[in-house]
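Structural description and commentary
These are the residues of each chain, in order.
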Amino acid sequence: MIHSLFVINNTGDVFMEKHWKSVVNKSICDYFFEAQSKASNPEDVPPVISTPHHYLINIYRGSLFFVAVVTTEVSPLFVVEFLHRICETFEDYFSECTESTLKENYVIVYELLDEMLDNGFPLAVESNVLKELIRPPNFLRTITDTVTGKSSGVSATLPTGQLSNIPWRRTGVKYTNNEAYFDVIEEIDAIIDKSGSTVIAEIQGYIDCLIKLSGMPDLTLSFVNPRLLDDVSFHPCVRFKRWESEKILSFVPPDGHFRMMSYHIGSNNTVAIPIYLRHNIYYKEGSGGRFDVTVGPKQTSGKTIENVVLEVPFPKTVLNVTLTATQGKNSFDPVSKLMTWDVGKIDPGKLPNIKGNITLQTGVPIPEANPTITVMFTINTFAVSGLKVNRLDMYGEKYKPFKGVKYITRAGKFQVRT
């Protein structure tokens, strides 16, 4: 299935390659570079690029492109999902997935790729199974590997869960404190037009778990309003038939961190927009222009909006912007023409405002259109869809675990047209 993997940085260097079958020359990446040169930003590179003898399937994460080479017809989403799983494994092992981190841990990276794919097909992709096979890096292991020139991290025995019908969970797990935490994270993708009306709004949701439970617990998680969920994707531990018939999540969880499910709430449902912008941006012939933006909360059920950041990409004809903000810090990059305003927390009693003058280059026509503002924000203890966990029950073990649920709403691709 997957023939080779190339990891490419922002400057176009192929700094890492891995081949599972025969070696594919890295000149194949020229097709990728050609597609990349036509894209306005990294996220716009087509995920599937067809070449005369191969398909290149890629993702962009952590300022790196992961490009998989396949020679036969294969489900692209299958490969995309696997590439994301590789990145998540690296993040789990090294706490981040960056060029410098991968270079520092080349040995472990190649060991992981050897175990995760067997002859081009996914094999061991669960983090806790991989950690039984390949120990995560630590200071002592790094010194030992450097001195001996050998890898000391690969286990000689097969993980206990690998041969069971629950390969995602190792056997004999024991904890002094038994805990189960669930994070319901929702990201709003929205486009708001000039008048403040919603052009499109969708929610991408995730339920991330941290499970520290002894033995082999069997859990069921139910929701107050499961019918909200349009399009769902589950971790292999979830029993799909039970979800189909009863809309209850029934599962034997992996040990540690994992994403139990992701869901999508489409534009056929009404999505409450929790933030609004009042804006007045205009240009005048010969005298530059004015910029005035106020940001405020809307439909947040009294919750505070935090970590608010506005990004405004001005046209190339803008020479400078001189702005004064009532709150937070703002900066303007004269090269990229990007104005960033780090607002912070919004106080409903005193709405943050930023205003000032726009200076245009002399002798150039005024811009035809106003910029589109990208908004980022976070709202804790709030799920914008209204999704609520009803209860969590445990079977198969006699102890009573500590259970916790946290809700977070944040901006995905949230744009306001001006």
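Here the structure is shown first, and the text comes after it.
This section reports on the structure supplied with the text. The structure displayed is predicted, hence computed values, not measured ones.

The full count for this structure, using the stated rule, is 12 salt bridges. The residue Glu246 makes a salt bridge to Arg242 at a minimum N-O spacing of 2.9 Å. Residue Glu246 and its partner Arg242 are located together in helix α7 (residues 240–246), separated by 4 residues, close to a single helical turn. We note a salt bridge from Arg391 to Asp393, for which the minimum N-O separation is 2.8 Å. Looking at Asp393, the relative accessible area reads 19%, which means it is buried. A single network of salt bridges, built from pairs that share partners, joins Arg61, Glu88 and Glu91.

Another point: the pairing of strand β1 (residues 2–8). For β1, a buried count of 7 out of 7 residues is recorded, marking the element as mostly surrounded by other parts of the structure. In this structure, β1 lies alongside strand β5 (residues 64–70), joined through 6 bridges in antiparallel fashion. Of the residues in β5, the one forming a bridge with Ile8 is Phe65. In the sheet, β1 pairs with strand β2 (residues 14–19) via 5 bridges, with the strands oriented antiparallel. By the bridge assignment for β2, Ser4 is matched with His19. The turn joining β1 and β2, which pair antiparallel and follow one another in sequence, is formed by 5 residues; a positive phi near 90° is taken by Gly12.

With that settled, the discussion passes to the packing of helix α2 (residues 76–94) against helix α4 (residues 106–116). Interaxial distance between α2 and α4 falls to 11 Å at its minimum, and their mutual angle equals 140°. Here α2 lies oblique to α4, going by the angle between them. The two elements α2 and α4 meet at a crossing, and its hand is right-handed. Contact with α2, carried on its side by Phe82, Arg85, Ile86, Thr89, Phe90, Tyr93 and Phe94, involves Ile108, Val109, Leu112, Leu113 and Met116 of α4 and no other residues of that element. Split by residue class, the contact of α2 with α4 holds 10 nonpolar, 1 polar and 1 charged.

To continue, consider the layout of surface pockets. Space inside the second largest pocket adds up to approximately 270 Å³. Around the second largest pocket sit Ser40, Asn41, Glu43, Asp44, Glu311, Lys413 and Gln415, which together line it. Split into classes, the residues belonging to the lining of the second largest pocket amount to no nonpolar, 3 polar and 4 charged.

Conventions and cut-offs
Residues numbered from 1 in each chain as written. Predicted model: local features only at pLDDT ≥ 70, side-chain atom pairs only at ≥ 80, totals over all residues. Heavy atoms only, no water. Salt bridge = Lys/Arg side-chain N within 4 Å of Asp/Glu carboxyl O. Helix = DSSP H or I, 4+ residues; strand = E, 2+ residues; numbered from the N terminus. Buried < 20%, exposed > 50% of the residue type's maximum accessible area, 1.4 Å probe, protein only. Pairing = 2+ DSSP bridges. Axes fitted to C-alpha atoms, helices over the stretch in contact; angles between N-to-C directions. Parallel < 35°, antiparallel > 145°, perpendicular 65-115°, else oblique. Left-handed = near helix turned anticlockwise from the far one by under 90°. Contact = heavy atoms within 4.5 Å. Nonpolar A, V, L, I, M, F, W, Y, C, P; charged D, E, K, R; others polar. 1 Å grid on protein atoms, 1.4 Å probe; cavity = no way out; pocket = protein on both sides within 12 Å on 5 of 7 lines; lining within 4 Å. Points joined across faces, edges and corners; volume = space filled by probe spheres on them.

Note that every value here comes from positions in space, so none of it alone points to a role or purpose.
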